[in-house]
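In case you want the letters, here they are:
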Amino acid sequence: MSRAEELGPRAERAGTVGLGARATRTGEKAVGSEVSGKAPNAPRPNPLWALALFRSELTTTLRRWRTLALLGVLALIPILIGVAVKIETSDGGSLGGGRGADGQGPAFFSQITNNGIFLVFASLAATLPVFLPMVIGVITGDAIAGEAGAGTLRYLLVAPAGRTRLLLAKFTTSMAFCLIATLIVALSGLVTGALLFPLGDVTLISGITVSFEEALLRAVGVAALVALSLVGIATVGLFISTLTNSGIAAMATTVGLVVTAQILDSIPQLHAIHPYLFPHYWLSFADLLREPVYWDELVKNLGLQGLYVAVFGSAAWARFTAKDITA
C-alpha cells in the first residue's frame, strides 16, 4: 500500500476530529501555523482526540503490507524451529546429539521435545537478538521520516493535536507494536509447540517442576519482558526518524545501530560499556524461569530501557517540536 493511499483513510478518520474540514477552511495558513503546533483559532482539542489519533496511527501501521510481511516472517520463525527440531529428533535421538547447545537460548532448545511450551522461550531467544529489533527498527525509523518523505506530515499537523500529541501517538504506537510483534512470536511458538510436542508439567531451569498453568503464566511474563526490552531501541528509532525526511535512511540507521550494538556487546575488551548497551540484558528474561526468580538482571534491563526512553524520548520531542516541517 502506497503512502498516498494511506493518506486517504487517515484523512477520513482524522476528519472526525476536524482535520479534513480544517485543512479545507484554512489552507496554507493552517499549514504554516503548524510551526506553533496549532491551527489558527483552533479550539481546545478534546482529550479523547489523543486516543483517536493513537487508534488511527496503530491501524494505519498494521494495515501496511510491509508491516504484515514483517509480522508474517516473525510468525514463521517458531514454525521453522519447531519443524526442524521435530525432524532432527524423529528417530528418537536428542537435539544436537545430546550435547545441548551454547548460551542461554540452547537450554530451551534441548527441552522442546519434552514440552512444547519451551518452543515459546526458544523462539523468543532466537528472534530477540536480531529479528525482533530489526522489525521494530523498520517500523519506528519510518514513523516520522516516512510521513515527511511522503509529504503527509504537515497535513497531520494541521489537526488541533499539535506536534507533541502527534509524537506521543507515534511513540505509543511504537510501544504497542513492540508488544504485538512479541506476542506474534510467542503465540506462534505456543501453537506450534502444542501441535508438534507434548504439553504438561514444566521443569524450570533451576530444576523445580511447576504445573503447565504456572508455566503458561511465566510465558506471558517472559513475553511482556521481551516487549519491554525492545522499548529502548524503539525510542532510539523514533528519535532518528525526527532527524531526516528519508524513511529509508532512518530505518537503515536504526537497524545499523542494532547490529553495531550487538557487535560491541560481544567484544570482551569492551566490557566496561556493555552494561550501557541496550541489548546487553535482553536475554535476562531466562531468569524468570527460575525458582526463586533472579531479579537482579531483570531490574537492570528494565532500568536501562527506561533510561533510553527518557533520554532519546526527550531528544525526539526537542527535535520534533523545533523542526522546520517542509513536507
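Bear in mind that the values here come from a model prediction, so they are computed numbers and not experimental data. (Residues numbered from 1 in each chain as written. Predicted model: local features only at pLDDT ≥ 70, side-chain atom pairs only at ≥ 80, totals over all residues. Heavy atoms only, no water.)

**Some details on the overall build of the chain**
A tally of helices and strands in the chain yields 14 helices and 2 strands. Here the analysis covers contacts within the chain between residues at least 6 apart in sequence; of these, 77% occur between residues at least 24 apart. Summed over its atoms, the accessible surface of the chain is roughly 14,900 Å², and 66% of this surface lies on carbon and sulfur atoms. (Helix = DSSP H or I, 4+ residues; strand = E, 2+ residues; numbered from the N terminus. Contact = heavy atoms within 4.5 Å. Areas by Shrake-Rupley, 256 points an atom, 1.4 Å probe, with all protein chains shown as cover.)

**A closer look at the nonpolar core**
Generally speaking, nonpolar side chains in soluble globular proteins are found buried as a group. Of all hydrophobic cores here, the largest spans 75 residues; its most connected members are F108, F121 and F285. Top contributing element to this core by residue count: helix α10 (residues 162-196), with 9 residues. Those residues in contact with F285 that lie beyond four places of it in its chain are F108, F121, L124, A125, L128, V222, L225, V226 and L298. (Core = buried A, V, L, I, M, F, W, Y, C linked by side-chain atoms within 4.5 Å. Buried < 20%, exposed > 50% of the residue type's maximum accessible area, 1.4 Å probe, protein only.)

**Observations concerning the packing of α10 against helix α11 (residues 212-229)**
Interaxial distance between α10 and α11 falls to 8 Å at its minimum, and their mutual angle equals 145 degrees. Regarding α10 and α11, the two cross each other, and that crossing is right-handed. When α10 is examined against α11, the residues C178, L179, T182, L183, A186 and L190 are found in contact with a partner set consisting of L216, A223, V226 and A227. Tallied by class, residues from the contact of α10 with α11 come to 9 nonpolar, 1 polar and no charged. (Axes fitted to C-alpha atoms, helices over the stretch in contact; angles between N-to-C directions. Left-handed = near helix turned anticlockwise from the far one by under 90°. Nonpolar A, V, L, I, M, F, W, Y, C, P; charged D, E, K, R; others polar.)

**Points about the pattern of salt bridges**
Where charged atoms of side chains with opposite charge meet at close range, the side chains can pair. All told, the structure shown has 7 salt bridges when counted by the stated rule. One salt bridge in this structure joins D142 and R66, with 2.9 Å as the shortest N-O distance. Linking D142 in the loop between α7 (131-141) and α8 (145-150) with R66 in helix α4 (residues 65-88), this pair joins segments that are 76 residues apart in sequence. Classification of R66 as partly exposed rests on a relative accessible area of 32%. Across the pair R290 and D287 runs a salt bridge whose closest N-O atoms are separated by 3.0 Å. Taking the relative accessible area as the measure of exposure, R290 reaches 22% and is therefore partly exposed. Connected via shared salt-bridge partners are R64, R66 and D142. (Salt bridge = Lys/Arg side-chain N within 4 Å of Asp/Glu carboxyl O.)

**Things to note about the environment of F278**
Positionally, F278 belongs in the loop between α13 (247-265) and α14 (296-322). We classify F278 as buried; its relative accessible area is 6%. Note: C-alpha distance between F278 and A261 (17 residues apart in sequence) is 7.5 Å. Residues contacting F278, with those up to four places away along its chain left out, are I233, L257, V258, A261, L304, Q305 and Y308.

**Looking at α13**
The end-to-end C-alpha separation of α13 is 27 Å, in line with the 27 Å expected for 19 residues at 1.5 Å each. Burial in α13 covers these residues: G247, A250, M251, T254, V255, V258, A261 and D265. Seen from one end, α13 has its buried residues packed into an arc of 125 degrees, which puts them on one side. Considering only its buried residues, α13 is in contact with α4, α7, α8 and α12 (231-241). (Expected span 1.5 Å × (residues − 1). Arc of directions from axis to C-beta.)

**Overview of a nonpolar patch on the surface**
A cluster of nonpolar side chains, L76, I79, L80, V83 and I87, forms an exposed patch at the surface whose accessible area comes to about 440 Å². The topology assignment puts L76 in helix α4. Under the relative-accessibility criterion, L76 is labelled partly exposed at 42%. (Patch = residues over 30% accessible without salt bridge, like charges linked within 9 Å, V, L, I, M, F, W, Y side chains within 5 Å.)

**Notes on unusual backbone geometry**
For residues that are not glycine, phi is negative in most cases, and the peptide bond is trans in most cases. The residue after E291, namely P292, is reached through a cis peptide bond having omega 5 degrees. Here P292 lies in the loop between α13 and α14.

**Here we look at the environment of V83**
The topology assignment puts V83 in helix α4. It is 9.4 Å that separates the C-alpha atoms of V83 and G193, two residues lying 110 residues apart in sequence.

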